Amino acid sequence: MAASAGVLGLSFGSGAFTQTTATRDFSISVANDGSDSAQLPIEPQGVNSDAVYQNGSGVLVIDASGLPPQAVTTFGRFSDLSDASSLNEEVFAITNENDTGESVSVTVNVEITSDADDATLNVAIAPTDDKGNVAGGGVTVATATAKGEKSSGSATVRSVSVGDQVLGGILINSAGAETVEADITIKADQPVEEV
């Protein structure tokens, strides 16, 4: 079983946003192929923001319409804005609720799809501590850094047991770019059993 948790499209730039620009949202959801979405829910959590919500279909939406160009923007809280591994409060959670009882491997792929002058996109994924908060240490970061050309990166968090969660945050530094377009893909794969 492989459950894809969707693609996020992120785009911002000077003058790029208007009230009618719905395409500036990006969302995370499990691919709609049967019961996968119920077995691998991705939900808003942690930071309280009107820009992060679950729509009527259960899809996590992060409204990126207000992102400024040439700035550092976060979804979640980081103790050091120059270090994405310093995530200390999440903006979304992914829970393994698959009914097979098997662990899953969560992989995050990030890609800057435009030729941004100087921009970095980080997605931090963290384990939880015994209180369900971001655990200190063990944060995995997928990073794409563009300097005049497209860029991509990935990170994998392995062995998320049934009932366990991983927590996520997004850190974007577009200080040297007027416009950045990017995609984030989150997947969860159940290991294939050997026969």
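Small disclaimer: the values here were computed from a predicted structure and weren't measured. (Residues numbered from 1 in each chain as written. Predicted model: local features only at pLDDT ≥ 70, side-chain atom pairs only at ≥ 80, totals over all residues. Heavy atoms only, no water.)

This paragraph deals with the overall build of the protein chain. Of the regular secondary structure elements, the protein chain holds one helix and 15 strands. Of the accessible surface of the protein chain, which amounts to about 9,200 Å², a share of 42% is contributed by carbon and sulfur atoms. (Helix = DSSP H or I, 4+ residues; strand = E, 2+ residues; numbered from the N terminus. Areas by Shrake-Rupley, 256 points an atom, 1.4 Å probe, with all protein chains shown as cover.)

What follows concerns a negative patch on the surface. Taken together, the side chains of Asp115, Asp117, Glu149 and Glu178 present a region of like negative charge at the surface. Its location among the elements puts glutamate 178 in the loop between β14 (165-173) and β15 (179-189). (Patch = residues over 30% accessible without salt bridge, like charges linked within 9 Å, V, L, I, M, F, W, Y side chains within 5 Å. Salt bridge = Lys/Arg side-chain N within 4 Å of Asp/Glu carboxyl O. Lys, Arg positive; Asp, Glu negative; His and termini not counted. Charge placed at Lys NZ, Arg CZ, Asp CG, Glu CD.)

Before going further, it helps to spend a moment on the side chain of asparagine 122. Mapped onto the elements, asparagine 122 comes out in strand β11 (residues 119-127). Since its relative accessible area comes to 9%, asparagine 122 is described here as buried. Among the polar contacts made by the side chain of asparagine 122, one reaches the side chain of threonine 143 at a distance of 2.7 Å. Aside from chain neighbours lying at most four places away, what touches asparagine 122 is Ala84, Val141, Ala142, Thr143, Gly169, Ile170 and Leu171. (Buried < 20%, exposed > 50% of the residue type's maximum accessible area, 1.4 Å probe, protein only. Polar contact = N/O pair within 3.5 Å; in protein donor to acceptor, adjacent residues only side chain to side chain. Contact = heavy atoms within 4.5 Å.)

Our focus in this paragraph is the confidence of the model for the protein chain. Confidence in the prediction for the protein chain averages 74 pLDDT; 74% of positions are at 70 or higher. This stretch, residues 1-7, has a pLDDT under 50; its non-local contacts, to residues over four places away or in other chains, come to 34 contacts. Throughout residues 9-35 the model reports pLDDT below 50, and contacts reaching past four residues in sequence, or to other chains, amount to 76 contacts. (pLDDT = per-residue confidence, 0-100.)

With that settled, consider the pattern of salt bridges. Pairing is possible between side chains that carry opposite charge, provided their charged atoms lie close to one another. By the definition in use, this model includes two salt bridges. Two residues, glutamate 89 and arginine 77, come together in a salt bridge whose shortest N-O distance is 2.6 Å. Of this pair, glutamate 89 sits in strand β8 (residues 87-89) while arginine 77 sits in strand β7 (residues 77-78), and the two are twelve residues apart along the sequence. For lysine 147, the salt bridge identified is with aspartate 118, shortest N-O distance 3.1 Å. Here lysine 147, found in the loop between β12 (140-146) and β13 (151-160), pairs with aspartate 118, found in the loop between β10 (104-112) and β11; they are 29 residues apart in sequence, far enough to count as distant. Classification of aspartate 118 as partly exposed rests on a relative accessible area of 33%.

Further remarks concern the environment of valine 110. Relative to the helices and strands, valine 110 resides in strand β10. The class for valine 110 is buried, based on a relative accessible area of 2%. The contacts of valine 110, once residues within four sequence positions are left out, are Leu121, Val123, Ala142, Thr143, Ala144, Ser151, Ser152, Gly153, Asp183 and Ile184.

What follows covers the environment of valine 139. Note that valine 139 resides in the loop between β11 and β12. A relative accessible area of 18% means that valine 139 is categorised as buried. Valine 139 sits 14 residues away from isoleucine 125 along the chain, and the two C-alpha atoms are 5.7 Å apart. Among residues more than four places away in sequence, those in contact with valine 139 are Ala84, Ser85, Ala124, Ile125, Ala126 and Pro127.

On to the pairing of β10, then. Most of β10 is tucked away: seven of the nine residues are buried. Alignment of β10 against β15, held across eight bridges, turns out to be antiparallel. Residue pairing for β15: threonine 107 is matched across the bridge by lysine 187. (Pairing = 2+ DSSP bridges.)

In the structure, aspartate 118 is positioned 57 residues away from alanine 175 in sequence and 6.8 Å away in space, judged by C-alpha atoms. Contact partners of aspartate 118, with chain neighbours within four places excluded, come to Ala146, Lys147, Asn173, Ser174, Ala175, Gly176 and Ala177. At a separation of 3.1 Å, a polar atom in the side chain of aspartate 118 contacts the side chain of lysine 147.

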